[in-house]
Amino acid sequence: MSQDLSEQEIIRRQKCEELRNMGIDPYPAALFEINVFARDIRENYERDKTSYKNISIAGRIMSVRDMGKACFAVLQDSTGRIQLYIRRDDICPDEDKSLYDIVFKKLMDLGDIIGVKGYVFTTKTGEISIHVTNLSLLSKALRPLPVVTTDSEGVSHNDVTDPEFIYRQRYVNLIINPEVRERFRKRTQIVQSLRETFNSKGYLEVETPILQPIPGGAAARPFTTHHNALDVPLYLRIANELYLKRLIVGGYDGVYEFAKDFRNEGMDRTHNPEFTVMEIYVAYKDYNWMMDFTEEMLEKVALDLHGDTKVQVGEKTIDFQRPFKRITMYDAIQEHTGIDISAMDENQLRDTCAKLGIHADKSMGKGKLIDEIFGEKCEGNYIQPTFITDYPLEMSPLCKKHRSKEGLVERFELMVNGKELCNAYSELNDPVDQRNRFEEQVKLMERGDKEAMYIDTDFLRALEYGMPPTSGMGIGIDRLAMIMTNVPSIQDVLFFPQMRPEA
RNA sequence: GACUUCGUAGCUCAGCUGGUAGAGCAGCUGACUCUUAAUCAGCGGGUCGAGUGUUCGAGCCACUCCGAGGUCACCA
C-alpha cells in the first residue's frame, strides 16, 4: 500500500488536511449550478454584455498570475479557457480575509477544480475575463499537472511529448492539450455523420454477438476465451459479417453495426488488437450500387467535418468529392507493373512474383499471389479515393461470383492514402456455392494457411432458407478517423490504445 | 519476431575524453489590487527505468531485463 510521494504530492495532501481543518470539504458532495461556458462568454460577450452580469461557471485552474492582493487565473472548462480576475476585497468584503489569503492563495493549486460566480468584463489589456465575487473548491488535485505555457509568439513550452505519457495517461493529455479533446470530438462526429446517412435511408442499427462460438466473417487469428457455465470455448469476434447477413435473411432491408472487433495479431501504427469497424448490409443491391453509396457516405463525412470535400493528410490533400476513380484489380496491376496477369495460372503467377521480387511461399494459392502483387506494386499508389474492383475468387470466400468475368468475384476495396479503407461485396447468397467455398478454405488451412476461414454451418443453414441479393460494406472507423483528423498513428484516434502493463 | 533510437526533478531538457547531478517552468517563503510565458528576492526538490559487471570511481562503458517510439517482417 505504500506509495512514494514526491514533495509536491505531499504538500498537496497537507493542504487537503488544512482545508478540512478549516471546515472546507475538498470534495464537496453538493452539485454546483453552472449557467455559462467559457466558449459562450468569449464568443458572445462583446455583443451582448448585459447577459453576463450574473454568471456561474466551473472548471480547472490552469494557471495563476499572482499580483498580491489580486490574481489573474485561467479557468478551463469543457469548452475552453477563460481568464478569472480575483480581487481580495471582492471575495472577502469583510474583515476576514482568510478565504483569499489562505484558502485561495495558500491551499489551492493548479489543477484544482473550482466553481466561481461573478460578472464578465474586459481588462485594460483587452482580455475578456470574469470578475470573481464568489469562489469555491469543487475538487482538489493531489498530483501536479504538467504546466504547458504558450508564449506571445504562440509557441508552446514544456508540452508533454512523450508518447508513453500521452497514451497511458490520456486524461492528462486531454486536460492539457485542447486539440486532442477536439480530435476525439471529431471522431464522434464521423460516427454521427455515418449514422445520419444510414438512418436517413431507413436502415436499422443493430447489435450482434461479440462472443462467438465460431469466429467467422474474416480471415484472422481470434482471441479465445471460455464460458464457465456452458463449459464451451468462445471467441471474441473478428468480424460481424455472418450475423448481419443472418438478419438480412430474417427480413430486414438494411442493417448496420458499429462493431468492436478483436484480432490477436501484431500491433503497429495502423493495427490495435481491438478496433472499430462499421459494417452495413442492404438487400436487393449489388456492389455497383454500394460504390455509389460509399461515395455519398464519405463525401458527407468530409463535408460534415471540414465543410469541404478536401482533407489535408500529412503532405497530401485528399479529395472526397464524388465520383471516385474505379479500376479493376487486373488493370491496376497492369498499370503499375506492365504485366497482364488476367490469363495466368498459379505457376505463371509464381514466376511473375519471382520476376517482380515478391516473396511467395508454397501455402499461397492463386488469389493470394495476385493479392501479393497488388499489395506490393499497386496499393501504395492510390492516394486519392479509388475503388479497386473484381478480385480473384480464391481470396473472397463470402463474395458472389462475378456476373460475367470468370474466376473473379464482385468485390471492391476503396483505397485512400495508399491503404485499404473499405471492403465490399455483392454478397454470396447461393448456399451450395457458399458451402463449396468454405470447403476450399478448409483445404487452404490444411495447406498451412493460418488465416483460412472456419466453416459456420448455422450460417449455411440460414442461407438455405434464402437470402435476397445483398450488398455489404465494411469500413475501418479508426483508419477513417486517422485520415479525417490527419494523424499518423491509430493510437492517436483511440482514447486508450493497447499498452504493455506498467512495471 | 528482427534491427534501431530513447528512458535524468511534477513537466521540458542539459550533463564534456568516466570524477557522486544542473537549468527553465511547476513547488515552497516573501513583495506587488488590470496581469497574460506577469515580474522581483530567497529556498527546497533526484533509487539518473531496473539489475549485474568493468573501474580507485559509472547518469556516461559492457551485458541482461523492463517500458516506449521508429523501420522492416508477419497479418487484415
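Since this is a predicted model, take the numbers as computed values, not measurements.

Conventions we followed
Residues numbered from 1 in each chain as written. Chains lettered and ligands numbered in written order. Predicted model: local features only at pLDDT ≥ 70, side-chain atom pairs only at ≥ 80, totals over all residues. Heavy atoms only, no water. Domains from an automatic or database assignment. Near = heavy atom within 4 Å. Polar contact = N/O pair within 3.5 Å; in protein donor to acceptor, adjacent residues only side chain to side chain. Helix = DSSP H or I, 4+ residues; strand = E, 2+ residues; numbered from the N terminus. Nonpolar A, V, L, I, M, F, W, Y, C, P; charged D, E, K, R; others polar. Phe/Tyr/Trp six-rings, centres within 6.5 Å; stacked < 30°, edge-to-face > 60°. Buried < 20%, exposed > 50% of the residue type's maximum accessible area, 1.4 Å probe, protein only. Lys NZ or Arg CZ within 6 Å of the ring centre and 35° of its normal. Contact = heavy atoms within 4.5 Å. Pairing = 2+ DSSP bridges. Arc of directions from axis to C-beta. Salt bridge = Lys/Arg side-chain N within 4 Å of Asp/Glu carboxyl O.

(A) Region of interest: the domain arrangement of chain A. Examined at the domain level, chain A breaks down into domain 1 (7-145) and domain 2 (180-324 + 384-493). A straight line from the C-alpha centre of domain 1 to that of domain 2 covers 49 Å.

(B) The arrangement of the protein's contact with RNA strand B in detail. Looking at RNA strand B, there are 55 residues lining it, with Asp89, Thr125, Glu164, Arg263 and Arg269 nearest. Restricting attention to atoms of RNA strand B within 4 Å of the protein, one finds that 61% of them are sugar or phosphate atoms. Separating a base oxygen of RNA strand B from a side-chain N or O atom of Gln83 is a distance of 2.7 Å. One of the side-chain N or O atoms of Thr123 is found 2.7 Å from a base oxygen in RNA strand B. Looking at the surface near RNA strand B, the elements with two or more residues in it are helix H1 (7-21), strand E1 (55-66), strand E2 (70-77), strand E3 (80-87), strand E6 (149-150) and helix H5 (163-168). A class-by-class count of the residues in the surface near RNA strand B yields 17 nonpolar, 14 polar and 24 charged.

(C) Representation of the packing of aromatic side chains within the structure. Taken as a whole and assessed by the stated rule, the structure comprises 15 aromatic pairs. Judged by centre distance (5.9 Å) and plane angle (40°), the ring pair of Tyr100 and Phe104 falls under tilted. Of this pair, Tyr100 and Phe104 both sit in helix H4 (residues 98-104), 4 residues apart, which is roughly one turn of that helix. Exposure class is identical for Tyr100 and Phe104. Each is buried. A cation over an aromatic ring shows up here: Arg246 above the ring of Tyr243, its NZ or CZ 4.5 Å from the ring centre. Over the ring of Tyr391 we find Arg411, and its NZ or CZ is 4.7 Å from the ring centre.

(D) Region of interest: the environment of Gln491. Relative to the elements of secondary structure, Gln491 occurs in the segment after helix H15 (477-485). With a relative accessible area of 23%, Gln491 lands in the partly exposed category. The sequence separation of Gln491 and Asn272 amounts to 219 residues, and the corresponding C-alpha distance is 7.8 Å. Gln491 has contacts with Tyr167, Arg170, Pro497 and Met499, leaving out every residue within four places of it along the chain.

(E) Just unusual backbone geometry, in detail. Cis geometry marks the peptide bond from Arg322 to Pro323, where omega comes out at -10°. By the element assignment, Pro323 lies in the loop between strand E15 (316-319) and strand E16 (325-328). A positive phi is found at Tyr284, a non-glycine position, where the angle reads about 65°. Following the sequence through the fold, Tyr284 ends up in the loop between strand E13 (274-283) and helix H9 (287-306). The class for Tyr284 is exposed, based on a relative accessible area of 59%. Of note in this structure, Asn417 is not a glycine but carries a positive phi near 55°. Mapping Asn417 onto the fold places it in the loop between strand E18 (408-416) and strand E19 (419-426).

(F) Quick peek at the pairing of strand E17 (residues 386-392). Counting buried positions along E17 yields 7 of 7 residues, so the element is predominantly enclosed. Relative to E17, E16 runs parallel, the two sharing 4 bridges. Each bridged residue has a counterpart across the sheet, and for Lys325 the counterpart in E17 is Thr386. Note that E17 and E18 share 6 bridges and pair antiparallel. Along E18, the bridge assignment pairs Thr389 with Phe412.

(G) Local environment of helix H11 (residues 346-356). Among the residues making up H11, those that are buried are Leu349, Thr352 and Cys353. Each buried residue of H11 sits inside an arc of 100° when the element is viewed along its axis, so together they form one side. Of the residues in H11, the exposed ones pointing more than 90 degrees away from the buried face are Asn347, Asp351, Ala354 and Lys355. Buried residues along H11 sit in contact with helix H12 (366-377). Its side-chain oxygen 3.1 Å from the backbone nitrogen of Asn347, Asp345 forms the N-cap of H11.

(H) Structural view of the pattern of salt bridges. Tallying each qualifying case throughout the model produces 40 salt bridges. Residue Asp109 pairs with Arg12 through a salt bridge whose shortest N-O separation is 4.0 Å. Here Asp109, found in the loop between H4 and strand E4 (113-122), pairs with Arg12, found in helix H1; they are 97 residues apart in sequence, far enough to count as distant. Take Asp109 and Arg12: they sit in the same class, and that class is buried. Across the pair Asp319 and Lys310 runs a salt bridge, and its minimum N-O distance is 3.7 Å. Taking the relative accessible area as the measure of exposure, Asp319 reaches 21% and is therefore partly exposed. Residue Lys310 is classed as partly exposed on the basis of its relative accessible area, which comes to 44%.

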